[in-house]
Amino acid sequence: MPEFTYALLQCVRCSHEREVLIQKLQKLWTTPTNTNHVLPLLSVRSGFDLYLRIMKFPPGSEVIMSAVNIPDMVHIVRHHQLQVVPLDISIDTTAPKVELLKDIVTPHTVAIVIAHLYGKMCSIDDIISFAKERNIQVIEDCAECFGGFEKLSHPETDLALFSFGVIKLHTSFGGSIAKIKDIDMYRKMLELHSTYRLQTRLAYMRKVLKYIVLYFCLDVPFVNKNGIRVFQTLGINHKDFAIKENPDNFVSLLNALGVEAYRGATQLTVVEPHNGDPEPFTPSPLDTTSVINSCTAYVPETNCGDDTSVSVKIPAVNKRYPHEAKYLIDHVVYLPINKLVPFHQLNCMLQAIRLAVNVDKTSASRITRVNQVA
């Protein structure tokens, strides 16, 4: 509870210390390995919008984005009349697939937005080099990956955004930090940001009080367990108040084994191409350029033992669609794990997951055999 106590105390203190606090933040966030300029903000989204307002990219310009992000970031890009181009991620590392950049970048590309997912900061050295050669802006979305001042964003990133919202490990119940490389850009953002309306202490206090109530309901075992019992007595499913979803077989198995698992427990979703078409691209037999560009295996004339020649087309995967990101979001399972969960409960959870995986595989195998027989 020390975070709540400190936050409430800050609400009742005099606001004349604002400039002093900003200077302290700037000093704290300026490190030997990253001397980029520091701008405190209300949120990552407001900082991203502020940056795009200053840049004023031509309408129709393309912004390449990591293919997993929250919908609001995509909405902001499109609000500025820009096209979103997803960059697929590796399902093994959640890092962006740098090798795809050369296939999706165009003369209209103006920026690359890289999101570090699930608290893991990936290397973007190759992306920085790729972008600088083409005069493309690089933006790091570090909303999920702040882990201390030893390793901040890449020093060559044009803009990096850090979040301290309520669900973050390091939270201030709201707020964000922007690291800006260019001094002129920093000054322009600072000037425009100074015209924004400030969040009042009363508004912040209301948010903190709301989070205190949520904390007691969700994270205090005595309140949580007895609250669930009350809901069960009344015949109410308590999960309906938290997450709206229809669990699939695997999640239902985990729930039956006593594990509170969910599919859609975060805002993260797939960044769709502007046309939203995931279908594989099948070129015409005479369109050899399309065949090469789409990596479609195509044999224009295959001799069948006589004078007949046939064209064999094997549809390729649409390289502009983020297939691995789609698979990740469709299959990821979120579990109730935090630093307060004891190891014996983690072991029980792992055993339940192992059992659910085996049962789910067996069920899938049976369904496949039934379909083959039918």
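Fair warning: this is a prediction, and the values are worked out from it, not measured in the lab.

Here we look at the overall build of the protein
Inference 1: A count of helical and extended segments in the protein gives 13 helices and 11 strands.
Inference 2: A burial count over the protein gives 37% of its 374 residues as buried.

A short note on the nonpolar core
Inference 1: In this structure, F48 and M189 are the most contacted members of the largest nonpolar core, which totals 43 residues.
Inference 2: Take this core: its biggest share by element is six residues, from helix α3 (residues 44-55).
Inference 3: Here this core spans two domains, and each of domain 1 (1-195) and domain 2 (222-272) adds at least three residues to it.
Inference 4: If sequence neighbours within four positions are ignored, F48 has contacts with M73, I76, V77, V113, I139 and L161.

Structural notes on the packing of α3 against helix α7 (residues 183-193)
Any two packed helices are characterised by the angle at which their axes cross and by the distance between the axes.
Inference 1: Contact geometry for α3 and α7: axes closest at 10 Å, N-to-C directions at 115°. The pairing of α3 with α7 is recorded here as roughly perpendicular in orientation. Read as a crossing pair, α3 and α7 show a hand that is right-handed. For the pair α3 and α7, the contacting residues are G47, L50, Y51, R53, I54 and M55 in the first and M185, K188, M189, L192 and H193 in the second.
Inference 2: A breakdown of the residues in the contact of α3 with α7 according to their chemical character gives seven nonpolar, two polar and two charged.

Considering the sheet that holds strand β4 (residues 83-87)
Inference 1: Read across the sheet, seven strands follow the order β1-β8-β7-β6-β5-β2-β4 without closing on themselves; strand pairing throughout is mixed. Whereas interior strands pair on both sides, the edge strands pair on one side only; in this sheet they are β1 (37-41) and β4. Direction aside, the axes of adjacent strands within the sheet are offset by 20° on average.
Inference 2: Taken strand by strand, α3 contacts β1, β5 (109-115), β6 (137-141), β7 (159-163) and β8 (176-180), and its axis lies near 160° from that of β7.

So, the pairing of β6
Inference 1: Across the five residues that make up β6, a large majority, five, are buried.
Inference 2: Alternating residues of β6 divide into Q137, I139 and D141 and V138 and E140, and every residue in both groups is buried.
Inference 3: Both β5 and β6 contribute to a ladder of five bridges, which runs parallel. The residue bridging I114 from the neighbouring strand is E140, located in β6.
Inference 4: Handedness of the β-α-β unit built from β5, helix α6 (residues 125-133) and β6 comes out right-handed.
Inference 5: Relative to β7, β6 runs parallel, the two being bridged by three bridges. The residue bridging D141 from the neighbouring strand is L161, located in β7.

Some points on a nonpolar patch on the surface
Inference 1: A cluster of nonpolar side chains, F216, F222 and V223, forms an exposed patch at the surface whose accessible area comes to about 300 Å².
Inference 2: Along the chain, F216 turns up in helix α8 (residues 201-219).
Inference 3: What makes F216 partly exposed here is its relative accessible area of 37%.

As for the packing of α8 against helix α9 (residues 221-233)
Inference 1: Here α8 crosses α9 at 70°, and the two axes come no closer than 5 Å. Taken together, α8 and α9 sit at an angle that is classed as roughly perpendicular. Seen from α8, the contacting residues are F216, C217, L218 and D219; seen from α9, they are P221, V223 and N224.
Inference 2: Of the residues in the contact of α8 with α9, the class split is five nonpolar, one polar and one charged.

Observations concerning unusual backbone geometry
Inference 1: Phi is positive for K56, close to 50°, though the residue is something other than glycine.
Inference 2: With respect to the helices and strands, the residue K56 is situated in the loop between α3 and β2 (62-66).

Some words on the pairing of β2
Inference 1: Where burial is concerned, most of β2 is hidden: five out of the five residues are buried.
Inference 2: Residue alternation in β2 divides its side chains into two sets, E62, I64 and S66 and V63 and M65, and both sets are buried.
Inference 3: Pairing between β2 and β4: five bridges, direction parallel. Of the residues in β4, the one forming a bridge with I64 is V85.

Thresholds applied
- Residues numbered from 1 in each chain as written.
- Predicted model: local features only at pLDDT ≥ 70, side-chain atom pairs only at ≥ 80, totals over all residues.
- Heavy atoms only, no water.
- Helix = DSSP H or I, 4+ residues; strand = E, 2+ residues; numbered from the N terminus.
- Buried < 20%, exposed > 50% of the residue type's maximum accessible area, 1.4 Å probe, protein only.
- Core = buried A, V, L, I, M, F, W, Y, C linked by side-chain atoms within 4.5 Å.
- Domains from an automatic or database assignment.
- Contact = heavy atoms within 4.5 Å.
- Axes fitted to C-alpha atoms, helices over the stretch in contact; angles between N-to-C directions.
- Parallel < 35°, antiparallel > 145°, perpendicular 65-115°, else oblique.
- Left-handed = near helix turned anticlockwise from the far one by under 90°.
- Nonpolar A, V, L, I, M, F, W, Y, C, P; charged D, E, K, R; others polar.
- Pairing = 2+ DSSP bridges.
- Right-handed = clockwise from strand over helix to strand, strands pointing away.
- Patch = residues over 30% accessible without salt bridge, like charges linked within 9 Å, V, L, I, M, F, W, Y side chains within 5 Å.
- Areas by Shrake-Rupley, 256 points an atom, 1.4 Å probe, with all protein chains shown as cover.
- Salt bridge = Lys/Arg side-chain N within 4 Å of Asp/Glu carboxyl O.

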